[in-house]
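Residue-level listing of the chains:
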There are 2 protein chains.
Amino acid sequence: MSTSTVTVTGMTCGHCVSSVREQIGNIDGVTAVDVDLTSGRVTINSHEPLERSAIQNAVEEAGYQLAE
Amino acid sequence: MSTSTVTVTGMTCGHCVSSVREQIGNIDGVTAVDVDLTSGRVTINSHEPLERSAIQNAVEEAGYQLAE
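Residues numbered from 1 in each chain as written. Chains lettered and ligands numbered in written order. Predicted model: local features only at pLDDT ≥ 70, side-chain atom pairs only at ≥ 80, totals over all residues. Heavy atoms only, no water.

The name an unreviewed UniProt entry assigns to chain A is Cation-transporting ATPase, from the organism Rhodococcus oxybenzonivorans.

Structure representation (C-alpha coordinates):
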(Lines give C-alpha, C1' and ligand atoms only; values in the text may rest on other atoms or scores of the structure.)
Protein backbone atom coordinates (compact mmCIF):
# COMPACT_ATOMS: atom_id res chain seq x y z
CA MET A 1 0.00 0.00 0.00
CA SER A 2 1.27 3.44 -0.98
CA THR A 3 0.15 7.02 -0.47
CA SER A 4 0.85 9.88 -2.91
CA THR A 5 0.11 13.53 -2.29
CA VAL A 6 -0.04 16.20 -4.99
CA THR A 7 -1.44 19.72 -5.29
CA VAL A 8 -3.84 20.51 -8.10
CA THR A 9 -4.45 24.08 -9.28
CA GLY A 10 -7.53 25.54 -10.92
CA MET A 11 -10.31 23.71 -9.11
CA THR A 12 -13.12 26.11 -8.21
CA CYS A 13 -16.09 24.01 -7.14
CA GLY A 14 -17.38 20.60 -6.20
CA HIS A 15 -17.77 19.62 -9.83
CA CYS A 16 -14.06 20.20 -10.35
CA VAL A 17 -13.32 18.04 -7.33
CA SER A 18 -15.49 15.26 -8.76
CA SER A 19 -13.74 15.41 -12.13
CA VAL A 20 -10.30 15.16 -10.56
CA ARG A 21 -11.37 12.37 -8.22
CA GLU A 22 -12.90 10.41 -11.07
CA GLN A 23 -9.89 10.69 -13.39
CA ILE A 24 -7.35 9.83 -10.69
CA GLY A 25 -9.62 7.01 -9.53
CA ASN A 26 -9.33 5.49 -13.00
CA ILE A 27 -5.57 4.95 -12.61
CA ASP A 28 -4.76 1.24 -12.20
CA GLY A 29 -4.27 0.24 -8.58
CA VAL A 30 -5.78 3.36 -7.00
CA THR A 31 -7.94 2.48 -4.01
CA ALA A 32 -8.90 5.89 -2.63
CA VAL A 33 -8.71 9.56 -3.65
CA ASP A 34 -9.26 12.44 -1.27
CA VAL A 35 -9.49 15.93 -2.78
CA ASP A 36 -9.51 19.12 -0.71
CA LEU A 37 -10.95 21.94 -2.80
CA THR A 38 -9.66 24.82 -0.68
CA SER A 39 -6.02 23.77 -0.63
CA GLY A 40 -6.01 21.77 -3.87
CA ARG A 41 -4.37 18.95 -1.95
CA VAL A 42 -5.05 15.47 -3.33
CA THR A 43 -4.17 12.36 -1.36
CA ILE A 44 -4.15 9.07 -3.25
CA ASN A 45 -3.96 5.57 -1.86
CA SER A 46 -2.82 2.82 -4.20
CA HIS A 47 -1.65 -0.78 -4.14
CA GLU A 48 1.73 0.19 -5.62
CA PRO A 49 3.61 3.52 -5.71
CA LEU A 50 2.30 5.71 -8.57
CA GLU A 51 4.35 7.45 -11.24
CA ARG A 52 3.91 11.20 -10.94
CA SER A 53 3.39 11.26 -14.71
CA ALA A 54 0.34 9.01 -14.37
CA ILE A 55 -1.17 11.37 -11.80
CA GLN A 56 -0.31 14.37 -13.95
CA ASN A 57 -1.98 12.80 -17.00
CA ALA A 58 -5.14 12.10 -15.01
CA VAL A 59 -5.26 15.63 -13.61
CA GLU A 60 -4.76 17.12 -17.07
CA GLU A 61 -7.41 14.79 -18.48
CA ALA A 62 -9.80 16.32 -15.93
CA GLY A 63 -8.80 19.79 -17.17
CA TYR A 64 -6.50 20.91 -14.35
CA GLN A 65 -2.79 21.17 -13.60
CA LEU A 66 -0.39 19.94 -10.96
CA ALA A 67 1.35 22.64 -8.97
CA GLU A 68 5.15 22.59 -9.30
CA MET B 1 -41.82 32.32 -28.70
CA SER B 2 -40.61 34.02 -25.52
CA THR B 3 -37.25 35.06 -24.09
CA SER B 4 -36.47 35.25 -20.36
CA THR B 5 -33.29 36.65 -18.86
CA VAL B 6 -32.13 36.03 -15.30
CA THR B 7 -28.87 36.36 -13.38
CA VAL B 8 -27.52 33.36 -11.51
CA THR B 9 -25.01 33.72 -8.69
CA GLY B 10 -22.42 31.25 -7.49
CA MET B 11 -21.28 29.69 -10.75
CA THR B 12 -17.50 29.33 -10.80
CA CYS B 13 -16.63 27.09 -13.74
CA GLY B 14 -17.83 25.36 -16.86
CA HIS B 15 -19.25 22.50 -14.83
CA CYS B 16 -21.50 24.95 -13.01
CA VAL B 17 -22.64 26.37 -16.35
CA SER B 18 -23.47 22.86 -17.58
CA SER B 19 -25.50 22.08 -14.48
CA VAL B 20 -27.56 25.26 -14.78
CA ARG B 21 -28.06 24.79 -18.51
CA GLU B 22 -29.18 21.21 -18.01
CA GLN B 23 -31.67 21.97 -15.24
CA ILE B 24 -33.20 24.96 -17.02
CA GLY B 25 -33.29 22.97 -20.24
CA ASN B 26 -35.50 20.43 -18.48
CA ILE B 27 -38.29 22.98 -17.98
CA ASP B 28 -41.24 22.23 -20.26
CA GLY B 29 -41.25 24.34 -23.41
CA VAL B 30 -37.65 25.57 -23.16
CA THR B 31 -35.95 25.54 -26.56
CA ALA B 32 -32.58 27.15 -25.82
CA VAL B 33 -30.48 28.18 -22.81
CA ASP B 34 -27.46 30.44 -23.02
CA VAL B 35 -25.35 30.83 -19.88
CA ASP B 36 -22.57 33.40 -19.51
CA LEU B 37 -20.26 32.33 -16.70
CA THR B 38 -18.57 35.69 -16.16
CA SER B 39 -21.73 37.75 -15.76
CA GLY B 40 -24.01 34.97 -14.53
CA ARG B 41 -26.49 36.07 -17.18
CA VAL B 42 -28.79 33.32 -18.43
CA THR B 43 -30.97 33.82 -21.51
CA ILE B 44 -33.75 31.32 -22.06
CA ASN B 45 -35.89 30.83 -25.14
CA SER B 46 -39.21 29.04 -24.70
CA HIS B 47 -42.41 28.39 -26.55
CA GLU B 48 -44.46 30.19 -23.88
CA PRO B 49 -43.47 32.80 -21.28
CA LEU B 50 -41.91 31.10 -18.22
CA GLU B 51 -42.85 31.59 -14.58
CA ARG B 52 -39.91 33.03 -12.69
CA SER B 53 -40.57 30.43 -9.99
CA ALA B 54 -39.98 27.63 -12.50
CA ILE B 55 -36.63 29.13 -13.44
CA GLN B 56 -35.76 29.67 -9.79
CA ASN B 57 -36.57 26.05 -8.96
CA ALA B 58 -34.38 24.80 -11.79
CA VAL B 59 -31.47 27.04 -10.76
CA GLU B 60 -31.77 25.92 -7.14
CA GLU B 61 -31.99 22.30 -8.26
CA ALA B 62 -28.62 22.84 -9.95
CA GLY B 63 -27.26 24.21 -6.66
CA TYR B 64 -27.23 27.96 -7.40
CA GLN B 65 -29.35 31.03 -6.71
CA LEU B 66 -31.04 33.73 -8.73
CA ALA B 67 -29.78 37.25 -8.08
CA GLU B 68 -32.48 39.60 -6.75
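Draft legend 1. Just the environment of V30(B), in detail. Residue and element names in this part refer to chain B. For V30, the location among the structural elements is in strand β2 (residues 30-35). For V30 and M1, which are 29 residues apart along the polypeptide, the C-alpha to C-alpha distance reads 9.7 Å. Excluding its chain neighbours within four sequence positions, the residues that come into contact with V30 are I24, G25, I44, N45, S46 and L50. (Helix = DSSP H or I, 4+ residues; strand = E, 2+ residues; numbered from the N terminus. Contact = heavy atoms within 4.5 Å.)

Draft legend 2. Just helix α1 (residues 14-25) of chain A, in detail. Across its 12 residues, α1(A) extends 16 Å between first and last C-alpha, which sits within 8% of the 16 Å expected from 1.5 Å per residue. Burial in α1(A) covers these residues: C16(A), V17(A), S19(A), V20(A) and I24(A). The arc enclosing the buried residues of α1(A), seen along the axis, measures out at 160 degrees, which places them on a common side. Where α1(A) is buried, its residues contact β1 (2-9), β2 (30-35), β3 (41-46) and α2 (52-62) of chain A together with α1 (14-25) of chain B. (Expected span 1.5 Å × (residues − 1). Buried < 20%, exposed > 50% of the residue type's maximum accessible area, 1.4 Å probe, protein only. Arc of directions from axis to C-beta.)

Draft legend 3. Up close: the relation of the copies chain A and chain B. Least-squares fitting of chain A to chain B yields an RMSD of 0.0 Å, with the transformation described by 0.0 Å of translation along the axis and a rotation of 180 degrees. Here the copies are linked by what is in effect a two-fold axis. Both copies present the same face, since 100% of the interface residues in chain A are matched by interface residues at the equivalent positions in chain B. (Least-squares fit on C-alpha atoms with pLDDT ≥ 70 in both.)

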